[in-house]
Amino acid sequence: MKVEFADLNYQYKIIQRNFKKNFSRIIRDNSFIGGFFLDEFEKKFAEFCKVKYCLGVGNGTDALEICIQALNLPKNSEIIIPANTFIATAEAVVRSGHRVCFADVHYDNCLIDENKIENYINKKTSAIIPVHLYGQSCEMNKIIQIAKKNKLKVIEDCSQAHGALFMNKHVGTFGDIGTFSFYPGKNLGGVGDGGAIISNNHKIIKKCKRISNHGRLKKFDHLVIGRNSRLDNLQASVLIEKIKYLPDWIDRRNFNASLYNKYLDLKHIELPILSSNRNHTYHLYVIKIKKRNLVKKLLNKAGISSGIHYPNSLDQNKIFNKVNKNPAIISNYLSKKILSLPVHESLSKNKLIYTCNVLNKIVRGTY
Ligand SMILES: Cc1ncc(COP(=O)(O)O)c(C=O)c1O
């Protein structure tokens with residue numbers, strides 16, 4: 001049996017009729033950059049997140065860079081991010097002329113440890129970027145409290161957490177601004193790169209809009225050094241169809257997670273932890289096991305794809321001129337134990353049970 005990590009064909013089949021119709025309209029109207037679908041999608045995504053404003057941009061990495069620029073942080077300042085995240089979060093900080101400070105994470109949910117953040121704050125610190133990794137929100141009450149006390153900006157990296165809530169409020173709406181990626185494999189993904197920025201602050205969103213479109217809001221009104229980072233009308237036309245199904249797809253991912261929780265051998269496998277006051281969108285279902293690399297190899301032999309998010313704690317990567325001297329101990333430890341299992345919305349129960357049976361045998365040493 002083959003168990004894929006993702007199945008984007010399934011999503012495409014559901015939307016293909018409308019997708020073709022939308023595509024014809026784009027061709028007919030010659031509206032490739034900006035246009036009806038982009039305007040509609042920005043409205044729909046803002047409604048979905050229960051936030052006032054949404055701006056489509058080129059991808060999730062650009063979204064972070066644009067936000068950092070828009071917030072006008074002091075040059076060469078320090079920005080705190082978790083050591084366990086995708087490299088883009090750190091790249092955006094460094095490419096924006098700031099220094100990255102890697103904070104350690106919780107062992108249980110793998111998210112930035114809000115209780116340790118203050119240890120990393122000094123006079124040069126300007127912002128925190130909590131990352132709502134795997135589909136679960138960070139502890140936003142505490143993070144916002146720390147940011148207020150220390151006069152820091154908060155940019156929420158929600159690239160893996162479309163639809164994730166903390167105390168019933170959408171991620172991306174707690175801090176100054178939130179960023180999303182619509183990379184095809186995300187819970188809400190396009191047919192190419194895409195991203196978005198959300199905020200309740202009109203001034204900040206307007207500034208982001210200017211930066212993302214060559215420093216202008218109107219033709220030739222270039223007031224700041226900007227860039228070209230816009231969400232294509234074509235990507236928006238796909239996202240506007242897929243967002244209709246997102247709540248259902250998140251439910252299915254939750255159902256799959258509940259089956260894993262039921263069938264995996266708890267003696268040998270540590271399940272993902274859902275922390276209090278939040279939901280989980282299970283962009284990734286991440287377990288912790290011993291001999292992770294060997295287990296992954298054996299799963300692969302049995303036709304089961306899995307992933308590692310992430311195999312190296314970012315504070316160990318020499319390309320970052322990091323400010324903190326000590327390693328992020330828990331993040332480093334986790335990077336050797338974590339394994340992401342297939343959890344996508346079209347995963348059949350048969351394939352899931354097969355995965356559990358094979359994995360249970362591997363970890364019990366009977367495979
Ligand atoms: C946590 C996180 N931040 C940022 C990004 C960057 O998004 P993109 O690939 O759209 O640039 C990703 C994408 O994988 C991500 O997972």
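Not measured: the values here are computed from a predicted model.

Calculation criteria
Residues numbered from 1 in each chain as written. Predicted model: local features only at pLDDT ≥ 70, side-chain atom pairs only at ≥ 80, totals over all residues. Heavy atoms only, no water. Buried < 20%, exposed > 50% of the residue type's maximum accessible area, 1.4 Å probe, protein only. Helix = DSSP H or I, 4+ residues; strand = E, 2+ residues; numbered from the N terminus. Pairing = 2+ DSSP bridges. Right-handed = clockwise from strand over helix to strand, strands pointing away. Near = heavy atom within 4 Å. Polar contact = N/O pair within 3.5 Å; in protein donor to acceptor, adjacent residues only side chain to side chain. Areas by Shrake-Rupley, 256 points an atom, 1.4 Å probe, with all protein chains shown as cover. Nonpolar A, V, L, I, M, F, W, Y, C, P; charged D, E, K, R; others polar. Domains from an automatic or database assignment. Contact = heavy atoms within 4.5 Å. Buried area = accessible area lost by both parts, 1.4 Å probe. Salt bridge = Lys/Arg side-chain N within 4 Å of Asp/Glu carboxyl O. Axes fitted to C-alpha atoms, helices over the stretch in contact; angles between N-to-C directions.

Undergrad: Lay out the pairing of strand β3 (residues 99–103) in plain terms, naming residues and giving numbers.
TA: Counted residue by residue, β3 has four buried out of five residues, so it is predominantly covered. Note: strand β2 (residues 78–82) against β3, five bridges, orientation parallel. What sits directly across from Glu78, in β3, is Arg99. In this fold, β2 hands off to helix α4 (residues 87–95), which returns the chain to β3; that crossover is right-handed.

Undergrad: Talk me through the site of the ligand; I want residue IDs and the actual numbers.
TA: Near the ligand, the surroundings consist of 14 residues, among which Gly60, Thr61, Asp157, Ser181 and Lys186 are the closest. Here a nitrogen atom of the ligand and a side-chain polar atom of Asp157 are 2.8 Å apart. Lys186 places a polar side-chain atom, nitrogen or oxygen, 2.6 Å from an oxygen atom of the ligand. When the ligand sits alone it has 390 Å² of accessible area, and the protein chains cover 91% of it. For the shell around the ligand, the elements supplying multiple residues, two or more each, are α3 (60–70) and α4. Each residue belonging to the shell around the ligand can be placed in one class, and the counts come to three nonpolar, nine polar and two charged.

Undergrad: For the pairing of strand β1 (residues 53–57), give the residues involved together with the corresponding values.
TA: Burial analysis of β1 places four of its five residues in the buried class, the great majority of the element. Pairing analysis gives five bridges linking β1 to strand β9 (residues 195–199), with the strands arranged antiparallel. Pairing of Tyr53 across the sheet is with Ser199, part of β9.

Undergrad: Could you give me a rundown of the domain arrangement of the chain, with the residues and numbers involved?
TA: What the domain assignment reports for the chain is domain 1 (8–242) and domain 2 (246–364). Taking the mean C-alpha position of each, domain 1 and domain 2 sit 24 Å from one another. Counting residues at the interface gives 47 residues for domain 1 and 43 residues for domain 2. Summing both partners gives a buried area of about 3900 Å² for domain 1 against domain 2, and 58% of it is carried by carbon and sulfur. Across the contact surface, domain 1 and domain 2 share zero salt bridges. There are 29 residue pairs in polar contact (both at pLDDT 80 or more) connecting domain 1 and domain 2. Each residue belonging to the side of domain 1 that touches domain 2 can be placed in one class, and the counts come to 25 nonpolar, 13 polar and nine charged.

Undergrad: Quick one: what's the story with the sheet that holds strand β5 (residues 153–157), residue by residue and with numbers?
TA: Neighbouring strands of a sheet are bound in pairs by backbone hydrogen bonds; such pairs are parallel or else antiparallel. The seven strands lie next to each other as β1-β9-β8-β5-β4-β2-β3, forming an open sheet whose pairing is mixed. The open sheet has two free edges, formed respectively by β1 and β3, since each of these has just one partner strand. Looking at each pair of strands side by side, their axes are set apart by 25° on average, direction ignored. Where strand β4 (residues 125–128) lies against β5, two bridges are found, and the strand directions are parallel. Opposite Ala127, over in β5, you have Lys153 as the bridge partner. Its contacts with the sheet place α4 against β2, β3 and β5, and it is angled at close to 150° to β3. In the packing of helix α6 (residues 202–212) onto the sheet, the strands contacted are β1, β8 (177–181) and β9, and the crossing angle to β1 comes to about 15°.

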